[in-house]
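Read off the chains here:
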Amino acid sequence: MLAFCDFDGTIATEDVTDLVLGRFALPAWRDIEARWEAGTINSAECMREQVRLIRAERDEIDQFLEQVDIDPGFRDFKRFCDRSGIEVVIVSDGVDHFIRRVLALHEISGIRIVANRLIVTESGFDLAFPHARADCRFASGVCKCAVLKGAAPHVFIGDGRSDFCAARSAGMVFAKGKLAAYCRREAIPHAVYADFFDVLDMTLSLAGSPQSSFHLLPLSQQL
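Residues numbered from 1 in each chain as written. Predicted model: local features only at pLDDT ≥ 70, side-chain atom pairs only at ≥ 80, totals over all residues. Heavy atoms only, no water.

Chemist: Help me understand the overall build of the protein, please; the structure alone is not making it clear to me.
Modeler: If you tally the helices and strands in the protein, you get nine helices and seven strands. The C-alpha atoms of the protein give 17 Å as radius of gyration, which agrees with the globular expectation for 223 residues (17 Å, within 12%). Projected onto its principal axes, the C-alpha coordinates of the protein cover approximately 60 × 35 × 25 Å. Residue burial in the protein is summarised as follows: out of 223 residues, 52% are buried. A total of about 10600 Å² of accessible surface is found on the protein, and carbon and sulfur atoms cover 47% of it. A distance of 5 Å separates the average location of the 25 positive side-chain charges in the protein from that of its 32 negative side-chain charges. (Helix = DSSP H or I, 4+ residues; strand = E, 2+ residues; numbered from the N terminus. Rg over C-alpha atoms; globule rule 2.2 N^0.38 Å. Buried < 20%, exposed > 50% of the residue type's maximum accessible area, 1.4 Å probe, protein only. Areas by Shrake-Rupley, 256 points an atom, 1.4 Å probe, with all protein chains shown as cover. Lys, Arg positive; Asp, Glu negative; His and termini not counted. Charge placed at Lys NZ, Arg CZ, Asp CG, Glu CD.)

Chemist: Before we go on, may I ask you to explain the state of the cysteines in this structure?
Modeler: Put plainly, a disulfide is one covalent bond tying together the sulfur atoms of two cysteines. One pass over the structure, following the stated rule, counts one disulfide. A sulfur-sulfur separation of 2.4 Å characterises the disulfide bridge that pairs Cys145 with Cys165. Pair noted here: Cys145 is in helix α7 (residues 144–148) and Cys165 is in the loop between β5 (154–158) and β6 (172–175), with a separation of 20 residues, a long-range link. Look at Cys145 and you get partly exposed, because its relative accessible area is 27%. There is no disulfide at Cys81, and the cysteine sulfur nearest it, in Cys5, is 7.1 Å away. (Disulfide = S-S within 2.5 Å.)

Chemist: Is there a simple way to think about the pattern of salt bridges in this case?
Modeler: When their charged atoms lie close together, side chains carrying opposite charge are able to pair. Under the counting rule described, the total for this entry stands at eleven salt bridges. A salt bridge links Arg79 to Asp76; the shortest N-O distance between them is 2.3 Å. Of the two residues, Arg79 and Asp76 are both situated in helix α5 (residues 74–84); the distance of three residues between them amounts to about one turn of the helix. Relative accessible area serves as the criterion here: at 43%, Arg79 is assigned to the partly exposed category. Here Arg100 makes a salt bridge to Asp96, at a shortest N to O gap of 3.3 Å. With Arg100 and Asp96 both in helix α6 (residues 96–105), this residue pair falls four residues apart, about one helical turn. Classification of Asp96 by relative accessible area gives buried; the value is 11%. (Salt bridge = Lys/Arg side-chain N within 4 Å of Asp/Glu carboxyl O.)

Chemist: What am I meant to see in the packing of helix α2 (residues 28–37) against helix α3 (residues 43–51) here?
Modeler: Helix-helix packing is characterised by the crossing angle of the two axes and by the distance between the axes. With their axes 9 Å apart at the nearest point, α2 and α3 run at an angle of 180 degrees to one another. Between α2 and α3, the angle falls in the class roughly antiparallel. For the pair α2 and α3, contact is made by Trp29, Ile32, Glu33, Arg35 and Trp36 and by Ser43, Cys46, Glu49 and Gln50, respectively. Class assignment of the residues belonging to the contact of α2 with α3 gives a composition of four nonpolar, two polar and three charged. (Axes fitted to C-alpha atoms, helices over the stretch in contact; angles between N-to-C directions. Parallel < 35°, antiparallel > 145°, perpendicular 65-115°, else oblique. Contact = heavy atoms within 4.5 Å. Nonpolar A, V, L, I, M, F, W, Y, C, P; charged D, E, K, R; others polar.)

Chemist: Mind showing me how you'd approach α6 here?
Modeler: Side chains that are three or four residues apart share a direction in an α-helix, a result of its 3.6 residues per turn. Turning to α6, its buried residues are Asp96, His97, Phe98, Ile99, Val102 and Leu103. Two residues or fewer past α6, Glu107 is found with a positive phi of approximately 55 degrees.

Chemist: I keep staring at the packing of aromatic side chains and nothing clicks. Help me out?
Modeler: Working definition: an aromatic ring pair is given by the centre-to-centre distance plus the angle between the planes. The full count for this structure, using the stated rule, is five aromatic pairs. Between Phe164 and Tyr182, the ring centres sit 4.0 Å apart and the planes meet at 0 degrees, which makes this aromatic pair stacked. Placement of the pair is Phe164 in the loop between β5 and β6 and Tyr182 in helix α8 (residues 177–185), with a sequence separation of 18 residues. Aromatic rings pair up to connect Phe74, Phe77, Tyr193 and Phe196 into one cluster. In this arrangement the basic side chain of Arg161 is found over the ring face of Trp36, its NZ or CZ atom lying 4.2 Å from the centre. (Phe/Tyr/Trp six-rings, centres within 6.5 Å; stacked < 30°, edge-to-face > 60°. Lys NZ or Arg CZ within 6 Å of the ring centre and 35° of its normal.)

Chemist: Can you walk me through the sheet that holds strand β2 (residues 87–95) in this structure?
Modeler: Sheets are built from strands that pair by backbone hydrogen bonding, the pairs being arranged parallel or antiparallel. Taken together, seven strands build an open sheet; the order of strands is β4-β3-β2-β1-β5-β6-β7 and the sheet is mixed. A single partner strand is all that each edge strand has here, and the edge strands are β4 (125–128) and β7 (191–192). Taken together, the four bridges between β5 and β6 define a ladder with parallel strand orientation. Across the sheet, residue Phe156 finds its bridge partner in β6, namely Val173. With respect to the sheet, α5 is in contact with β1 (2–5), β2 and β5, its orientation differing from that of β2 by roughly 135 degrees. Along the sheet, α6 makes contact with β2 and β3 (112–120), crossing β3 at roughly 120 degrees. (Pairing = 2+ DSSP bridges.)

No statement about biological role is implied by the geometric values presented.
Below, the structure is given as structure tokens:
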């Protein structure tokens, strides 16, 4: 059993990449963001152009990331998964180094991370996209559909646009924000949550129900 989790806005309470860009990138990163929102560039193009505008040493970024908060219920959810033999996997269209740093600062370990790869160059930073796919419907740096395709029975927990395709393949979807709106619009069964305490409570409720099993987690209607 797997629990796939988005990171920015899901485990981290804010979009960590946007925080880093807002602090260290040249102002043009916002123009690039506007082009992505308008659909003139895809997600991977947007991320790469923005990361190349960062003007900082990695140590400066690492220190800045000390201020990033995580969802207050995530530790309890992770402990439950560890006890239950459920692997937690972060699948994010964000930056791997930022994710690892934030988790380390909160003393959270043992999580596989699927994300865009930060590269240190002579002139600054760049991104690599080892999990991109040419046929990705949303042209993301990380094609979450491809990552989840063929995976063992799993749940998915997310909040944003990069999570849309992943929601279609999961045995159960926990959604908030843009993802919840998308699931409602597309009639994708899902459970709305505010934080990981909600996710844990609903999971425990389903696991204790004679009509449901956490190892299957079908959800015929929104909770």
